[in-house]
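Residue-level listing of the chains:
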Amino acid sequence: MTMPHRPFRFGVQVNGTGTRTEWAEQARRVEALGYSTLTMPDHFTDQLAPVPALQCAADATSTLRLGALVYDNDYKHPVVLAKELATMDVLSDGRVEIGLGAGWMVSDYEQSGIAYDSPGVRVSRFIEGLHVIKSALGPDRFSFEGEHYTITDYEGLPKPVQSLPPVLIGGGGPRVLKFAAREADIVGINATLTSGAVDESTFATMTADAVDDKVETVRTAAEEAGRLDAIEMNIRAFMVFITDDVDQAIGTLSEFTGAPADVIADSPFALVGPTDKIIDDLRERRERWGFSYVIVGQNDIEPFAPVVAALAGT
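Asker: Outline the nonpolar core, listing residues and values.
Answerer: Judged by nonpolar contacts, the single largest core of 92 residues is most densely connected at Tyr 35, Leu 38, Leu 282 and Phe 304. Residue contributions to this core peak at seven residues, all from helix H5 (residues 119-137). Residues contacting Tyr 35, with those up to four places away along its chain left out, are Phe 10, Gly 11, Val 12, Val 30, Leu 64, Val 296, Asp 300, Ile 301, Phe 304, Ala 305 and Val 308. The next biggest cluster of nonpolar side chains, apart from the first, holds five residues, and it includes Leu 69, Leu 168, Tyr 293 and Ile 295.

Right, dumping it as structure tokens:
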């Protein structure tokens, strides 16, 4: 059984640099081109901090949804992040999406001095963190005692405009994917990044066969939880080439990743070819894997816009 199909929507992931004027103009351009969502990474590299930057983008737009891809649970206590998310949802009139993850990029931890615990510990802390965030955004006071967080008689205020902003969880390994199938509104299929960096091992987990396995993990867990129809499937396309010279572009990607050209061509993380071909590829991939929410990078905003115009909402 395949994942249920939803209408296409599209987002962009941008780092955010430059002046306020440049950032606001970019957000308005993304909105005008028909993208649904503006997202940002959450790293200590050369980027704006996501919470204030996304609020600035919200102030500059009227329909664009805003989210991180994704907030690292280790960088902020979940009560603090929940209050910031609720405030953003109020100030944006209900346009926040919550992307949350366990953290993966080891250089962030090394530079900041935050402890880089084992994947199992980070994932356990993230699971507790999401529970705390959902509870804080909910209507009632709550208490929680876990291995990593203890919350006592807390009433999260303000409350969001949305009863609960949609939650996006991206994962590459079975534990996170199963958790996402049970708890997330949007499930993102990711590469597996256990090494803490993007390296030669990364693309091996981005092949069509690897994605088959990941999506099947989500489908099985969602079906067991009775949530199959509740999930929107997402993918961040990292390799986007709008070009008539498909062979050359795939050859370039093959050299970069070390993967065979046919493997690159079949990977849903790659979108290569003229607009018509990419439209066909996206339809086929929605049929195979359920991917209806596709996010591209900041350099792809303008070249990818004809695809958005053709497919958004269909």
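After that view of the structure, there is still more to cover.
Asker: Give a description of unusual backbone geometry that names residues and reports values.
Answerer: Cis rather than trans, the peptide bond between Leu 69 and Val 70 has omega equal to -5 degrees. Its location among the elements puts Val 70 in the loop between strand E3 (65-68) and strand E4 (71-72). The peptide bond linking Leu 157 to Pro 158 adopts the cis configuration, its omega dihedral lying at 0 degrees. In this fold, Pro 158 is placed in the loop between strand E7 (150-154) and strand E8 (167-171). Even without a glycine there, the phi angle at Asp 93 is positive, about 60 degrees.

Asker: Describe the packing of aromatic side chains, listing the residues and the values that go with them.
Answerer: Tallied over the full model, the rule gives nine aromatic pairs. Ring centres of Phe 10 and Phe 304 lie 5.7 Å apart, and the angle between their planes is 70 degrees; on these two criteria the pair is classed as edge-to-face. With Phe 10 in strand E1 (residues 9-13) and Phe 304 in the loop between strand E13 (291-297) and helix H11 (305-311), this pair connects stretches of sequence that are 294 residues apart. No difference in accessibility class separates Phe 10 from Phe 304, as the two residues are buried.

Asker: Help me get a handle on a negative patch on the surface, residues and values and all.
Answerer: A contiguous patch of negative charge, built from Asp 209, Asp 213, Asp 262 and Asp 266, is present on the exposed surface. Tracing the sequence through the fold places Asp 262 in helix H9 (residues 261-266). The exposure class assigned to Asp 262 is exposed, which follows from its relative accessible area of 52%.

Asker: Summarise helix H7 (residues 208-224); cite the residues concerned and give the values.
Answerer: Compared with the 24 Å implied by 1.5 Å per residue over 17 residues, the 24 Å span of H7 between its first and last C-alpha is a close match. Three or more residues of H7 are buried, namely Ala 208, Ala 210, Val 211, Lys 214, Val 215, Thr 217, Val 218, Arg 219, Ala 221 and Ala 222. On its buried face, H7 is in contact with helix H6 (174-183), strand E9 (186-189), strand E10 (232-236), H9, helix H10 (275-289) and E13. Just past H7, the residue Gly 226 takes up positive phi, approximately 70 degrees.

About the thresholds
- Residues numbered from 1 in each chain as written.
- Predicted model: local features only at pLDDT ≥ 70, side-chain atom pairs only at ≥ 80, totals over all residues.
- Heavy atoms only, no water.
- Core = buried A, V, L, I, M, F, W, Y, C linked by side-chain atoms within 4.5 Å.
- Buried < 20%, exposed > 50% of the residue type's maximum accessible area, 1.4 Å probe, protein only.
- Helix = DSSP H or I, 4+ residues; strand = E, 2+ residues; numbered from the N terminus.
- Contact = heavy atoms within 4.5 Å.
- Phe/Tyr/Trp six-rings, centres within 6.5 Å; stacked < 30°, edge-to-face > 60°.
- Patch = residues over 30% accessible without salt bridge, like charges linked within 9 Å, V, L, I, M, F, W, Y side chains within 5 Å.
- Areas by Shrake-Rupley, 256 points an atom, 1.4 Å probe, with all protein chains shown as cover.
- Salt bridge = Lys/Arg side-chain N within 4 Å of Asp/Glu carboxyl O.
- Lys, Arg positive; Asp, Glu negative; His and termini not counted.
- Charge placed at Lys NZ, Arg CZ, Asp CG, Glu CD.
- Expected span 1.5 Å × (residues − 1).

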